Amino acid sequence: MATISKPTVQHRPTSSEVTLRVNGVSHRLTVDHRTTVLDALREHLDHTGPKKGCDHGQCGACTVLVGGRRTNSCLLLAVAADGEEITTVEGLSDGEQPHPVQRAFLDHDGFQCGYCTPGQVCSAIGMLAEAADGHPSHVTPLPGTGSGAPPPGSPVPLTPAEIRERMSGNLCRCGAYPNIVAAIEEVAP
Amino acid sequence: MRPPETGAPLRRLEGQLKVTGSARYAVEYALPETAYAWPVPATVARGEVRAVHAADALAMPGALAVLSHENAPRLGPADDPILSVLQDPHVPHRGWYVALAVAETLEVARAMAAALQIDYAADAHDTVLTSGHPKLYEPEQANGGHPARRESGDFDGAYAASAVRVDATYTMEAEHNHPMEPHASTAHWVDGGLTVYDSNQGSTKVKQALAPLFGLRPEQVTVVAEHVGGGFGSKGTPRPQAVLAAMAARHVGRPVRLALPRAQLAGVVGHRAPTIQRLRIGADRQGRIDALAHEILTHTSTVKEFVEQAATPSRTMYTSPNSRTTHHVAALDVPSPSWMRAPGEAPGMYALESAMDELAVALDIDPIELRVRNDPAVEPDTGKPFSSRHLVECLREGARLFGWADRDPRPRSRREGRQLIGTGVASATYPVLVSPSTAEACTEPGGGYRVRINATDIGTGARTVLAQVAADALGVPVDHVLIDIGCSDLPAAPLAGGSSGTASWGWAVHRACRRLRALVEEAGGDEVPSTTLRAFADTAGEADAASDYARHAFGAHFAEVAVDADTGETRVRRLLGVFAAGHILNSRTGRSQFIGGMVMGLGMALLEGSTMDPVFGDFAERDLASYHVPSCADVPAVEAHWIDEDDRHLNPMGSKGIGEIGIVGTAAAIGNALHHATGVRLRELPMTPDRVLAHLG
Ligand code: FES
Ligand code: FES
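Residues numbered from 1 in each chain as written. Chains lettered and ligands numbered in written order. Predicted model: local features only at pLDDT ≥ 70, side-chain atom pairs only at ≥ 80, totals over all residues. Heavy atoms only, no water.

Describing the environment of proline 32 of chain B
Residue and element names in this part refer to chain B. Rules: For the purposes of this entry, the term helix denotes a DSSP run of H or I that reaches at least four residues, the term strand denotes a run of E that reaches at least two, and both are numbered from the N terminus. Between buried and exposed lies partly exposed: a residue is buried under 20% and exposed over 50% of the maximum accessible area for its type, with that area taken using a 1.4 Å probe on protein chains only.
Within the fold, proline 32 resides in the loop between α1 (15-19) and β1 (35-41). Classification of proline 32 by relative accessible area gives exposed; the value is 67%. For the pair proline 32 and arginine 254, spaced 222 residues apart in sequence, the C-alpha separation works out to 8.5 Å.

Side note on the packing of aromatic side chains
All names here are of chain B. Operational definition: Centres within 6.5 Å are what make two rings of Phe, Tyr or Trp a pair, Trp counting through its six-membered ring; a difference in plane orientation under 30 degrees is then read as stacked, over 60 as edge-to-face, and the rest as tilted. Whether a charge sits over a ring depends on NZ of Lys or CZ of Arg being within 6 Å of the ring centre and within 35 degrees of the ring normal.
Summed over all chains, the structure comprises 10 aromatic pairs over all chains. Geometrically, the ring pair formed by tryptophan 404 and phenylalanine 558 is edge-to-face, given 5.7 Å between the ring centres and 75 degrees between the ring planes. Here the residue tryptophan 404 occupies a position in the loop between α10 (391-402) and β18 (414-416), and phenylalanine 558 occupies one in strand β24 (residues 552-564), the gap between them amounting to 154 residues. A relative accessible area of 6% means that tryptophan 404 is categorised as buried. Accessibility expressed as a relative area gives 0% for phenylalanine 558, which makes it buried. An aromatic cluster is built from Phe402, Trp404 and Phe558, whose rings are joined through pairwise contacts. Over the face of the ring belonging to tyrosine 159 we find arginine 165, whose NZ or CZ atom lies 5.8 Å from the ring centre. Positioned above the aromatic ring of phenylalanine 386, the side-chain terminus of arginine 389 is 4.8 Å from the ring centre.

Quick word on the sheet that holds strand β2 (residues 47-53) of chain B
Residues and elements named next belong to chain B. Put simply, the test is: In this scheme, strands are said to pair when DSSP sees at least two bridges between them.
Strands sit in the order β4-β2-β6 across an open sheet of three strands; the sheet is antiparallel. Edge positions in the sheet fall to β4 (90-91) and β6 (117-122), since each has one partner strand and no second. The pairing of β2 with β4 spans two bridges and is classified as antiparallel. Counted as the bridge partner of glutamate 48 is histidine 90 from β4.

Describing the pattern of salt bridges
Residue and element names in this part refer to chain B. To keep it simple, the criterion reads: Throughout this description, the term salt bridge denotes a Lys or Arg side-chain nitrogen within 4 Å of a carboxyl oxygen of Asp or Glu.
Tallying each qualifying case throughout the model produces 65 salt bridges over all chains. Residue glutamate 5 pairs with arginine 2 through a salt bridge whose shortest N-O separation is 3.6 Å. For arginine 2, a relative accessible area of 38% translates into the label partly exposed. A network of salt bridges, in which partner residues are shared, links Glu14, Lys18, Glu226, Asp457 and Arg463.

A few points about the pairing of strand β4 (residues 69-72) of chain A
All names here are of chain A. Sheet topology note: the strand β3 (residues 63-66)/β4 ladder contains four bridges and is antiparallel. Paired with threonine 63 across the two strands is asparagine 72, which belongs to β4. Hairpin connection between β3 and β4: a loop of two residues separates the two successive antiparallel strands, and glycine 67 in this loop has a positive phi of roughly 60 degrees.

Observations concerning the domain arrangement of chain B
All names here are of chain B. Definition in use: An automatic or database domain assignment supplies the residue ranges for each domain. Residues are treated as being in contact if the distance between any of their heavy atoms lies within 4.5 Å. Once two parts are joined, some of their accessible surface, as seen by a 1.4 Å probe, is lost; buried area is that loss totalled over both.
Here chain B is partitioned into domain 1 (35-124 + 180-230 + 235-268), domain 2 (143-175 + 272-432 + 548-693) and domain 3 (435-538). Put simply, the middle of domain 1 and the middle of domain 2, counted by C-alpha atoms, are 37 Å apart. Across the contact, 18 residues belong to domain 1 and 16 residues belong to domain 2. Roughly 1400 Å² of surface becomes buried between domain 1 and domain 2 when both sides are summed, with 62% attributable to carbon and sulfur atoms. Area buried by domain 1 at its contact with domain 2 is led by His93, Arg94 and Ala266, which between them contribute 32% of it. Applying the counting rule to domain 1 against domain 2 returns two salt bridges. Aspartate 80 is the partner of lysine 304 in a salt bridge, and the nearest nitrogen-oxygen pair spans 2.9 Å.

Some points on the nonpolar core
In plain terms, the rule: Residues belong to a common nonpolar core when they are buried Ala, Val, Leu, Ile, Met, Phe, Trp, Tyr or Cys residues joined through side-chain atoms within 4.5 Å.
If you look at the biggest cluster of nonpolar residues, it comprises 131 residues, and the most contacted ones within it are Phe105 and Ile184 of chain A together with Leu359, Phe558, Ile670 and Met687 of chain B. Counting residues per element, this core draws most heavily on helix α8 (residues 345-363) of chain B, which supplies 10 residues. Leaving out residues up to four positions away in the same chain, isoleucine 670 of chain B has contacts with Ala559, Val561, Val572, Leu575, Leu602, Ala605, Leu606 and Met687 of chain B. Counting residues in hydrophobic clusters, the runner-up holds 70 residues, among them Ile82, Leu106, Met112 and Ala113 of chain B.

Looking at the sheet that holds strand β22 (residues 481-484) of chain B
Residues and elements named next belong to chain B. Worth spelling out the cut-off: Each axis is a line fitted through C-alpha atoms, taken for helices only over the stretch in contact, and angles between the N-to-C directions span 0 to 180 degrees.
Spatial ordering of the open sheet is given by β22-β21-β20-β23, a layout of four strands whose pairing is mixed. Either end of the sheet is taken by a strand with one partner, and the two such strands are β22 and β23 (534-538). Strand-to-strand, the axes of this sheet are offset by a mean angle of 15 degrees, without reference to chain direction. Against the sheet, helix α12 (residues 501-522) touches β20 (438-443), β21 (449-452) and β23, its axis set at about 150 degrees to β23.

Re the interface of chain A and chain B
Counting from both sides, the interface comprises 52 residues of chain A and, opposite them, 66 residues of chain B. Between chain A and chain B lies a buried interface of about 4700 Å² when both sides are counted; carbon and sulfur atoms form 54% of it. Considering only the surface of chain A that becomes buried against chain B, Gln112, Arg173 and Tyr177 of chain A emerge as the three largest contributors, covering 18% of it. At the surface where chain A touches chain B, the tally comes to eight salt bridges. Here arginine 12 of chain B makes a salt bridge to aspartate 109 of chain A, at a shortest N to O gap of 2.6 Å.

Quick look at the domain arrangement of chain A
All names here are of chain A. Defined as follows: For this scheme, ten residues count as nonpolar: Ala, Val, Leu, Ile, Met, Phe, Trp, Tyr, Cys and Pro. Four count as charged, namely Asp, Glu, Lys and Arg, and the remainder, Gly too, count as polar.
The domains assigned to chain A are domain 1 (16-91) and domain 2 (100-187). Counting from both sides, the interface comprises 17 residues of domain 1 and, opposite them, 17 residues of domain 2. Of the roughly 1200 Å² buried at the junction of domain 1 and domain 2 (both faces included), carbon and sulfur atoms supply 55%. Taken together, the links from domain 1 to domain 2 amount to one salt bridge. Here arginine 70 and glutamate 130 are joined by a salt bridge, their closest N and O atoms 2.9 Å apart. Among the elements of the structure, β3 and β4 are those that each provide at least two residues to the side of domain 1 that touches domain 2. Considering each element in turn, the side of domain 1 that touches domain 2 owes the most residues, three residues, to β3. Counted by class, the side of domain 1 that touches domain 2 contains five nonpolar, seven polar and five charged residues.

Observations concerning helix α2 (residues 100-107) of chain A
Taken as a whole, α2 of chain A has its buried residues at Val101, Gln102, Ala104, Phe105 and Leu106 of chain A. Remark: aspartate 109 of chain A follows α2 of chain A within two positions and exhibits a positive phi of approximately 50 degrees.

As for unusual backbone geometry
Residues leucine 685 of chain B and proline 686 of chain B are joined by a peptide bond in cis, for which omega reads -10 degrees. Counting through the fold element by element, proline 686 of chain B comes out in the loop between β29 (684-685) and α16 (689-696). Despite not being glycine, aspartate 55 of chain A shows a phi value in the positive range, around 65 degrees. Mapped onto the elements of the fold, aspartate 55 of chain A is located in the loop between α1 (37-44) and β3. Judged by its relative accessible area of 14%, aspartate 55 of chain A falls in the buried class. Despite not being glycine, leucine 86 of chain B shows a phi value in the positive range, around 60 degrees. Along the chain, leucine 86 of chain B turns up in the loop between β3 (63-68) and β4. Exposure remark for leucine 86 of chain B: the relative accessible area of 3% places this residue in the buried category.

Overview of the packing of helix α11 (residues 462-474) of chain B against α12 of chain B
Residues and elements named next belong to chain B. Definition in use: Left-handed describes a crossing whose near helix is turned anticlockwise from the far helix through less than a right angle; right-handed describes the clockwise counterpart.
Closest axis-to-axis distance for the α11/α12 pair is 8 Å, and the angle between their directions is 30 degrees. For α11 against α12, the interelement crossing comes out right-handed. Within the contact between the two elements, α11 uses Ala462, Val465, Leu466, Val469, Ala470, Asp472, Ala473 and Leu474 and α12 uses Thr502, Trp505, Gly506, Val509, His510, Cys513, Arg514, Leu516 and Arg517. Looking at the contact of α11 with α12, its residues break down into 11 nonpolar, three polar and three charged.

Spelled out as structure tokens, the structure:
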């Protein structure tokens, strides 16, 4: 019978100080080098808006904006995000006024259990910016192919197919996709 | 007069909390000194733990404890053997928990779990269901208390004498529920009492399970499930995380957070068991069914018997004077199967509705017309009249909305470049289930009303719909009603499952509110009464009384698919469902429920399948990268419509359940559309490109 030997465990200094700017507030933290931004937010800062669905970059529930770009926070180590500007779902509303994307999710019932929702909302905001900046997706018609291909670098029109494609990193087991797409269509330019 | 609140598209009461990230789920309650636990699954498929070497793990800075059968607190008797965790060295299947690491931080707990060395004595295992498996036996009952076998008339004789016969076997791999929130608990002991924040579909049940395990009186246990990130059946029964978290918290004397890692769920939270279903239908040339047999083979674990009741819909759906419906099961060395959205109906109707399509093709009759011709006057199995049955209306209305009349019935008759286009139809059904519940309603000091009931909102909109029910029973606008749910200290209530939540809770809420309204009127009808008035209701004996009627919801599913002739990839272009499920109490959240069910049905048809690896005795697809749930790009335009029924034989609200019927006919409709597109009849799920391509030639 084969035996599988486990590597022996060694103990070295395993934590560092980092500064995370979360929703405009600076936090100086001592974090384990293995701590992800997601766990730093949830376990150190009690920002439980970002959710953990898989911890493996497979579901998008942990999506936050890092420097304005959508990021799976479960795949980003906190020590690698030192000094970064992080926006979570909790930081989107303007006082009592929800962000237009949050408003649209409410109006279109773009969720059921709500567990994927913080990630969907942050992802949608990041995605709207990407399309506005002219980032193509898998379904964007290639330039020079006629039929509605946007010139390179110009905003990509967000058809339902574009929205579906661009939002596919955010799983929703409740199956709220048709309502999520309707919500995003409403706020898309 | 004010229009009723029920039926209106009221927005979710907790919607704002959910879109702003302020809704708290099970491991999101900040308690001082919280420790973290990480469970360790068995890595053999059958055998025994010989030794747990924990020295390396315990030497890590921040390590608090390693629990295993050697040292874990002894538990009291469990109704459900899956809750007897870390009590003995026996390993009944791969993934069964054998240890638990507890630490100051999540990172350390996880590293400890990885550093544990566990010695096993492994036995030979048997994990793969086959049609001739020697361990197959006929159980007494299938899930839900249904008899395993029902026979009427002379199936064999009638089938042999039928002019047209279909004999087809359909297979389905196991499926996993995978709610987006993994099963999770925070446990906290104070003064000998236990509080658990737990992700479940019914915390009264969890409390009742935990109390005897820890030697407590029920009133010493509080289980909170304020917001729950989906369940789909997998959180319907108490799950090991609540027991492990409570054990660990008692052992280390601190609150403990435990969220099950995604890749461990397949082993411990139930799954939809694989099924092998043989359908035989005999009919005359006009399509009247004379003989129907639906025979199920499935697996269960050696831990407990759970038999997917997949033949039961054939006892309800169609005229079948000579019928046989049976279940056989083999207890294998696999994780224990359990409820997954529409247990029984989802797999059973996939097979029955595929076979009906095969019969329609064999007869050259329109598949809708075939179903209409076999619409029974009374429930075939019981002879009871239906409380309401609008299947034919659903089919006709769906046909109109979908544009069915323009369909060329010949297979492979529509092509757009590489795409073969087809459309399909299937029926759906789901039984009306309801359980007794309690509820309390009282006046609020400053005016308005408060309703208290331990209902659970797993995403269905329960909180919202119960406020609507209460408002109508009280005769006030819904914003005069406050509603408290999601805590086992509230009046006891059954779980969110079997599409029974709204009916069960709503019934008790309605009764309590009607009583309170009478009290308020007796007291002079004051808007702001000087003393608090309080009314309680318990629907035991009423909600669970036997009915003289067969009570079921029905529906019709329509699908259009495009199959790539070169790759075999099937994409759904349109899904449309029409449902007859009593009175729909909230048109906004109700629509979302139907659509959500149809999306899961799309996954069942095309994406979701879990392969049992015979060598390792394990599910091969355990995470969301390998087990494919539908993503946004997979889901096209999905439309849900309904026929509002006025059925007086249900409950005071006139509702049937809607949480499950949306999934029921979807897979068959897609499979039938795939046949129409390609001429290929695939009799296995999921219909992945490799399987389709093998037949495209
Ligand atoms: S939790 Fe980060 S992608 Fe799933
Ligand atoms: S709302 Fe439940 S997973 Fe998306």
